[in-house]
Amino acid sequence: MTEFFGEVTAPIRYEGPDSDNPLAYRWYDRDRVVAGRRMEDHLRLAVCYWHSFNGDGSDVFGSGTLDRPWLAPSSDPMSAARAKMAAAFEFFEKLGTPFFCFHDRDIAPEGTSFKESCAHLDEMVDEALMHMRRTGTQLLWGTANLFSNPRYQAGAATNPDPEVFAWAAAQVRHCLEATHRLGGHNYVLWGGREGYETLLNTDMKRELDQMARLLHLVVEHKHRIGFTGTILVEPKPFEPTKHQYDFDVASVHAFLQRYGLADEVRVNIEVNHATLAGHDFAHEIATAMAAGIFGSVDANAGDDRLGWDVDRFPLSVEQMALGLYEILAGGGLTTGGFNFDAKLRRQSIDRSDLFHAHIGGVDTVARALLVAAALVEDGALARVRSERYSGWDGELGRRILGGDETLESLHGRALGLGHGEPERLSGRQEALENLVARHVERAR
Ligand code: XUL
Ligand code: CO
């Protein structure tokens, strides 16, 4: 097999925080046990196929810059797909992360008919199975690309034309089965164009009903074929469309509840989507945990000054640690993982840049895990949270929540109170921020 990443001759290894080797991990020590679990099992890291192997560095102002021979327009599409897959698995193996994620169209080119597209995907799934057996890499999730082809210009499930819905449903059926054959741990739906450009031509009620119908069909089919992975919806507020219905975790949760799907579907939370929606990453995790729908993470980073999805590799240990703290406090990952939905900058054209990007992202998340685990072990945050609400475990709190009080009874109670205002206590925010800073400094 021809090597694509020949400059990286050996797998990336852990060398510890003092290493100056740019092609080594300083924090990701996969077998190290942290809070009772191997680091690898805590994080379940995945490389994404689309940015890393389909991305060519192009942007809206210019064509591709990256060295990706299989993307050259002259190549035969299926041999190009096989070359791309060989490079992808060479990369996964050398990076030493356990999972990958893909869209159907990332691994197999669209054919001239639906039937031909299915045949292409089946052939590439066979090829992927061979590489997965050879390297031990597993599939974190698969997903159907329901946004690139012009037929989806007005959405897939939410399209005004049922023919497009039907096409999308057929595509999802095929991709869900491909994911099942590859032993995928989850199946993702990201509603890239499930939203609108203008309300002037949009019937929102119909579109939401249609979107729910597709999700019900997915859940039904998952059970029919015995797929045991988790169905995940990935929230994003906008981009490519002006408004997307899966705006954030809270909107997705309301949607799932409204359509009776909250027990079947969870969320895949992407850091840069959270920030675009005006939230912190940790807020989205905490919202999902509170609703019981947390599933998985697309790990990346935005840019403070840019209001679009820049998909940088994770850079902030603190941001990741605060999210991971909520995950650990909620019991940790189950079928989910941390997928690097992140891309190289346009000028990062060397093959080794893909390694540097991932090594940095992996180490950021690994170090964040150490910080989050230290915060859990320290227990101070958990204690502050539980003491802050301790009144709710007392008699009054229990009576209010238990439905034993009314506005009338509480009014009567207030009139009868001898004392004045309830006592006010410090929220201790700055002290808690300092506590987090201490753990960020000390995590080793
Ligand atoms: C787009 C995005 C997607 C999904 C999968 O912003 O995050 O790549 O993760 O379709
Ligand atoms: Co994503």
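Above this text you will find the structure in question.
Residues numbered from 1 in each chain as written. Chains lettered and ligands numbered in written order. Predicted model: local features only at pLDDT ≥ 70, side-chain atom pairs only at ≥ 80, totals over all residues. Heavy atoms only, no water.

Caption draft 1: View of the site of ligand 1. The immediate surroundings of ligand 1 are formed by W50, H103, W141, W190, E234, K236, E270, H273, D298, D309 and D341. For ligand 1, an oxygen atom lies 2.7 Å from a polar atom in the side chain of H103. Spatially, ligand 1 is embedded in the largest pocket. Its residues placed into classes, the shell around ligand 1 shows three nonpolar, two polar and six charged. (Near = heavy atom within 4 Å. Polar contact = N/O pair within 3.5 Å; in protein donor to acceptor, adjacent residues only side chain to side chain. 1 Å grid on protein atoms, 1.4 Å probe; cavity = no way out; pocket = protein on both sides within 12 Å on 5 of 7 lines; lining within 4 Å. Sits in = over half its atoms within 2 Å of the grid points. Nonpolar A, V, L, I, M, F, W, Y, C, P; charged D, E, K, R; others polar.)

Caption draft 2: Spatial organisation of the sheet that holds strand β12 (residues 265-270). As summarised here, the arrangement of the eight strands in space is β5-β6-β7-β8-β10-β12-β13-β14, forming a closed barrel in which the pairing is parallel. For this sheet, the mean inter-axis angle between neighbouring strands, taken without regard to orientation, is 30°. Two elements, β12 and strand β13 (residues 294-299), share four bridges in a ladder whose sense is parallel. Bridge pairing links N268 to S296 in β13. Along the sheet face, helix α6 (residues 162-181) touches β6 (99-103), β7 (138-143), β8 (186-189) and β10 (230-233) and points at about 150° away from the line of β8. Across the face of the sheet, helix α12 (residues 351-378) comes into contact with β5 (45-48) and β14 (338-340) while running at roughly 155° to β14. (Pairing = 2+ DSSP bridges. Helix = DSSP H or I, 4+ residues; strand = E, 2+ residues; numbered from the N terminus. Axes fitted to C-alpha atoms, helices over the stretch in contact; angles between N-to-C directions. Contact = heavy atoms within 4.5 Å.)

Caption draft 3: Quick peek at the nonpolar core. The biggest cluster of nonpolar side chains holds 124 residues, and the ones touching the most others in it are Y49, F53 and F338. The dominant element in this core, judged by the number of residues it contributes, is α12, at 14 residues. Each of two domains, domain 1 (33-378) and domain 2 (383-442), supplies a minimum of three residues to this core. With sequence-adjacent residues up to four places away left out, F53 is seen in contact with F5, V47, C48, W70, L71, K84, A87, A88, F91, F92 and L354. (Core = buried A, V, L, I, M, F, W, Y, C linked by side-chain atoms within 4.5 Å. Buried < 20%, exposed > 50% of the residue type's maximum accessible area, 1.4 Å probe, protein only. Domains from an automatic or database assignment.)

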